[in-house]
2 protein chains.
Amino acid sequence: MARIVMKFGGTSLADLDRIRNVAWRVKREADAGHQIAVVVSAMAGQTNQLVDWTNQLSPLHDPREYDVVVASGEQVTSGLLAIALQTIGVKARSWQGWQIPLVSRGAHGKARIDRIETEALADGLGRGEVAVVSGFQGMMPDRRIATLGRGGSDTSAVALAAALHAERCDIYTDVDGVYTCDPRIVAKARKLDKITYEEMLELASLGAKVLQTRSVELAMNHGVRLRVLSSFADGPGTLVVDEAEIVEKEVVSGIAYSRDEAKITLARVADRPGVAAAIFGPLADASVNVDMIVQNVSEDGKTTDLTFTVTKADFDRAVKVIEDNRKILAYSELKPDPRVVKVSVIGVGMRSHAGVALTMFRTLADKGINIQVISTSEIKISVLIDEEYLELALRALHSAYGLDAA
Amino acid sequence: MARIVMKFGGTSLADLDRIRNVAWRVKREADAGHQIAVVVSAMAGQTNQLVDWTNQLSPLHDPREYDVVVASGEQVTSGLLAIALQTIGVKARSWQGWQIPLVSRGAHGKARIDRIETEALADGLGRGEVAVVSGFQGMMPDRRIATLGRGGSDTSAVALAAALHAERCDIYTDVDGVYTCDPRIVAKARKLDKITYEEMLELASLGAKVLQTRSVELAMNHGVRLRVLSSFADGPGTLVVDEAEIVEKEVVSGIAYSRDEAKITLARVADRPGVAAAIFGPLADASVNVDMIVQNVSEDGKTTDLTFTVTKADFDRAVKVIEDNRKILAYSELKPDPRVVKVSVIGVGMRSHAGVALTMFRTLADKGINIQVISTSEIKISVLIDEEYLELALRALHSAYGLDAA
C-alpha cells in the first residue's frame, strides 16, 4: 500500500464524461489499496473565461479579487469529481485550499506555497477516503484566497506529494509521456521511459509544455518521483527521477525547440568596458528578459557586433528601449529579427562525453543551416537558427544523436 | 449616515454590463455616506448549470459536494463586483461565507443560518469599505461549505441586515416593486408603496415570486425594514414594514394566484370518525403536501365527498397513493383534476372589515365562475376555480376591491 498523488489537467476534466473517466482511473488506484490524493485543475477554458472577465472589468484589477474569481474553477471540478467518485463506490471528499489549509505567501495571482497542513487530509486518507484537492489555490495568512499563477496545479500536486511523503506524483495530461522530440514534427520521436529532473527542467524551460518548470524544480528539491502519463490511454508514461536512478545515461535524451525567440543585433557598438551594462541595464529596467547573448571579437579593436535574444512578447519593447538609447549606445545599425527559433539538445550524459556539440554543428552544417547564436550549459546546447529550417534541423539532429525509433 | 444591505439577484448580475450597472447603484449609496454591505447571487443561469452537472453525475449526489460546486457561482460574482466597484473608485472587498464566517446548521443544500460573526465585516464597513458578500452560502461547524437552498440569497441579505443592525435591506430585482396583482395579467395593477410583512408573506407563499417566503419571515421576526426595487430603473420600490407603520390600512392590498395546484375529489367516502386520518396519513407518508381541504356535509348520513389540493409536482404521486388505498378508503369514485388555479385576496384590513369574502363570492358569481374550494385565514381568502377563468377572475376582483389604477 502506497500513498499516491494524481494530478489531472483541464483537458482531462473538460466535461462530465471526462470527469467520469478520471474517476475510473482514480478508482483503479484506490482499488489497488493505495491512499490517493487527487489534484484537479479547472475545466478546460473555464480559467480563461474567468480571467477574461476580470480583465474586461479592469486591466488593473485587484489581484486579491482576481484570485477569488479564478479559484472558483477548481472548486467546481473538485466537487464534481468527488461526486463522480462516490457514484462508482469510491469514498471521496473535496478540499479547497483554505480547508486543508494550504497556506501561501507572496503576491496574489502568483502566490507561492508556504506550507501545507496535512493533518486533516491525512486523517481522511487513513479512513480510505480519496482527497480531491482543488489545485492552483491556497489561502494567505489573512484568510484570503490566493492562486499560484498559471499552471500552478502541477506545483500544487508536487508540493502535496512532498508534504504527504507520497511515493509518487502522477501528472495525467493529454500526451502519454515525455518524448525525445515533438512527435508532431519528428515522426520517429520516441517516448522516454525515464528522464532526470535536470533534463526535464531544461526541456520544460526550453519549450516542452508537458510540465511546469516550477513543479519540476520543487520535485527535484524534495525528491518527489514524478510520472507523466495520459488520462486518455493506458501506459506507463515517463518517470522523472534522480540521476542516480538511471543506470545507462543517454548522451542526448531529447531535443527541444522554442518559437518564442526574437533576435536583436547591434552593429558596430563601441568595444569598451561598460558597454554591456549600458545596453542591458535599460532592458532590465523595462522588464525585458534577455536570453542568449553573443558578442563577437572586435575586428578593428574599436567596435564590435552584439546579438541577444528576447521573447517575442518583449520584442517590440526591447527594440524601442534600444532605439531610445541610441545616443548612449552609439551603434551604427540596429538589426531586429523575429524570424528565428531556438533548438536545444539536452542530456545529462553530455557531462562525460566529448563531441556532442561538434555533432550538432556538423549536422546542421551538412544541411546548410547557419547557426546564428550558440549558448551552452552543463547538460544542454542551444543554437539559434532561421525559423524556416526548424523541422529540417530537428529531424536531422534526432537521427544524428541516434534517437530515432527503430 | 446609515448602514444598508443591498441585495442583487442573478438577473441583475447576468453579464459584465449589468455588474457595472450594479456597481454604479452601490456607488450612489456609498457616496451618500452610508455603510454598505452588498449580497450577490450567481449570474443568471449559472446556478442552474452547476445544479444540472451534479444531477447528471448522480441524482443521488452527496449534498456536501453539491454545495461545493453550486456555491462557486456566488464566489465569481462577489469577486467581479468588488473589481467593478474598485474600478469606479469605491473601496470594496469580497467575502465568502466561510470568511465572514456565516455559520450554518441543518442539512447541506438547504442549510439554515445559525449565526453571523459580524466583527471582521463591521471593521471593513467602518473603514469605508463596501462588503461584497456571496449570498446563498455559509460554512458548517466542520468547516465545509453549505448552501441555504434555492433563493437563499434573499435570506442571506435579511439575516445580514439583522446581524449588522442595518437600517434597511434593499432587495434589487427585475421588477420595480410589489404590485396589487400580476401586471402581465391585470393591466390596471398598481405598485404598492408599502405593504405589511404579513401581507408580503401571504403574497410570497401564494405565488408572487418577488421575495422568498423565508426571507420575509426572517425580516418580520427581526424587524428588518425590507425594500423591493428595480436594478434597472430608478424609483422608490415597495417598502415591507410592520403593520404599525401603515396608518391607512387597505382592506385588500393585493390579489395573488397560483397555477401550481391540482385538485383531487373522493366521492362517497364513508362518513365516520378516522376517515380523514386514513386518507391523509398515507399521503403524508409519501411526502405529499396537502394544501386546501374541504369536506361536504353528509347528505345521507353515511357517505360524504372529500376534496383536497396538492402541488402539480405531487399530483401523480398523490393519485397513486389514493388508488393504492382504495380498499381501506372505500370511496365510490376518484376524480383527479389538475386544471385548477388558486386565487387569493390578501389584506390586513380584513381583520376589521366584514363583507370582504362576500364581495369575492358575489364578484365571481356575477362572472359565472364556479368556486370549487374555499380556504381562509385571518388576512386572506383563497378560492379554487377552473384554470380557464384565471384572467377574468383576477381582473374582476381587482376592480371589485377598488385596486385599479386611476
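Just above, that's the structure.
Report on the accompanying structure. (Residues numbered from 1 in each chain as written. Chains lettered and ligands numbered in written order. Predicted model: local features only at pLDDT ≥ 70, side-chain atom pairs only at ≥ 80, totals over all residues.)

1. Structural notes on the overall build of chain A
- When helices and strands are counted, chain A shows 13 helices and 18 strands.
- Taking 2.2 N^0.38 as the reference for a compact globule, 406 residues should give roughly 22 Å; the C-alpha atoms of chain A span a radius of gyration of 24 Å, in line with that estimate.
- Based on the C-alpha atoms only, the size of chain A along its principal axes is roughly 75 × 55 × 35 Å.
- With 406 residues in all, chain A has 49% of them scored as buried.
- Taking the contacts inside chain A whose residues are at least 6 apart along the sequence as the reference set, 74% of them involve residues at least 24 apart. (Helix = DSSP H or I, 4+ residues; strand = E, 2+ residues; numbered from the N terminus. Rg over C-alpha atoms; globule rule 2.2 N^0.38 Å. Buried ≥ 20, exposed ≤ 12 C-beta atoms within 10 Å, placed from the backbone. Contact = placed C-beta atoms within 7 Å.)

2. Re the packing of helix H12 (residues 356-366) of chain A against helix H13 (residues 390-400) of chain A
All names here are of chain A.
- At a minimum axis distance of 10 Å, the contact between H12 and H13 shows a crossing angle of 135°. Taken together, the axes of H12 and H13 lie oblique to each other. Classified by chirality, the crossing of H13 by H12 is right-handed. Contact with H12, carried on its side by Thr359, Met360, Thr363 and Leu364, involves Ala393, Ala396, Leu397 and Ala400 of H13 and no other residues of that element. (Axes fitted to C-alpha atoms, helices over the stretch in contact; angles between N-to-C directions. Parallel < 35°, antiparallel > 145°, perpendicular 65-115°, else oblique. Left-handed = near helix turned anticlockwise from the far one by under 90°.)

3. Remarks on the pairing of strand S16 (residues 333-346) of chain A
Residue and element names in this part refer to chain A.
- Bridge count between strand S13 (residues 254-270) and S16: 11 bridges; the pairing is antiparallel. Opposite alanine 267, over in S16, you have glutamate 333 as the bridge partner.
- Inspection of the sheet shows S16 paired to strand S18 (residues 380-386) by 7 bridges, in the antiparallel sense. Note that in S18 the partner of valine 341 across the bridge is isoleucine 385. (Pairing = 2+ DSSP bridges.)

4. Things to note about the relation of the copies chain A and chain B
- Between chain A and chain B, the superposition needs a rotation of 180° and an axial shift of 0.1 Å, giving an RMSD of 0.1 Å. Such values leave the two copies arranged in the relation of a two-fold axis. Taking C-alpha positions as reference, the residue of chain A nearest the rotation axis is serine 72 of chain A, located at 2.7 Å. (Least-squares fit on C-alpha atoms with pLDDT ≥ 70 in both.)

5. Focus on the nonpolar core
- Of all hydrophobic cores here, the largest spans 253 residues; its most connected members are Val38 of chain A together with Val38 of chain B.
- Here valine 38 of chain B is in contact with Met6, Phe8, Val26, Leu81, Val130, Val132 and Val133 of chain B, once residues within four sequence places are set aside. (Core = buried A, V, L, I, M, F, W, Y, C linked by C-beta atoms within 7 Å.)

6. What about the environment of aspartate 291 of chain B?
Residue and element names in this part refer to chain B.
- Along the chain, aspartate 291 falls in strand S14 (residues 290-295).
- Taking C-alpha positions, aspartate 291 is 31 Å from alanine 44, a pair spaced 247 residues apart along the chain.
- In this view, aspartate 291 contacts Glu261, Thr309 and Val310; residues no more than four positions away in its chain are not counted.

7. Here's the deal with the sheet that holds strand S12 (residues 238-241) of chain A
Residue and element names in this part refer to chain A.
- Spatially, S3-S6-S2-S1-S9-S11-S12-S10 is the arrangement adopted by the 8 strands of the open sheet, whose pairing is mixed. With one partner strand each, in any of the chains shown, strand S3 (92-95) and strand S10 (194-196) form the two edges of the open sheet. Geometrically, the sheet is characterised by an average inter-axis angle of 20° between neighbouring strands, direction not taken into account.
- Lying on the sheet, helix H4 (residues 72-87) is in contact with strand S2 (35-40), S3 and strand S6 (130-134); it crosses S6 at an angle near 160°.

8. Points about the sheet that holds strand S17 (residues 373-377) of chain A
Residue and element names in this part refer to chain A.
- Strand order in the open sheet formed by 6 strands is S14-S15-S13-S16-S18-S17, and the pairing between neighbours is antiparallel. Only two strands of the sheet have a single partner each, and these edge strands are strand S14 (290-295) and S17. Pairs of neighbouring strands in the sheet enclose a mean axial angle of 30°, with direction left out of account.
- As defined by bridge partners, S14 adjoins strand S15 (residues 303-310) across 4 bridges and the pair is classed as antiparallel. When the bridges of S15 are listed, valine 290 appears paired with valine 310.
- Its contacts with the sheet place helix H10 (residues 312-324) against S13, S15 and S16, and it is angled at close to 5° to S13.
- Contacts between H13 and the sheet are confined to S13, S16 and S18, with S13 contributing the most and set at about 120° to the helix.

9. Quick notes on the interface of chain A and chain B
- Taken together, the contact between chain A and chain B spans 27 residues of the former and 27 residues of the latter.
- Among the secondary structure elements, those contributing two or more residues to the side of chain A that touches chain B are helix H2 (46-57), helix H3 (63-70) and H4 of chain A.
- Ranked by residues supplied to the side of chain A that touches chain B, first place goes to H4 of chain A with 11 residues.
- Looking at the side of chain A that touches chain B, its residues break down into 12 nonpolar, 12 polar and 3 charged. (Nonpolar A, V, L, I, M, F, W, Y, C, P; charged D, E, K, R; others polar.)

10. Notes on the pairing of strand S18 (residues 380-386) of chain B
Residues and elements named next belong to chain B.
- Across the 7 residues that make up S18, a large majority, 6, are buried.
- Summarising the sheet, strand S17 (residues 373-377) and S18 pair through 5 bridges and their orientation is antiparallel. Note that in S18 the partner of serine 375 across the bridge is serine 382.

11. Quick notes on the packing of helix H6 (residues 152-163) of chain A against helix H8 (residues 213-222) of chain A
Residues and elements named next belong to chain A.
- Close contact between H6 and H8 brings their axes to 8 Å; oriented N to C, the two are set at 10°. It follows that H6 is roughly parallel to H8 by the angle criterion. Residues Asp154, Thr155, Val158, Ala159 and Ala162 of H6 form the contact with H8, whose own contacting residues are Arg214, Ser215, Leu218, Ala219 and His222.
- Classifying every residue of the contact of H6 with H8 gives 5 nonpolar, 3 polar and 2 charged.

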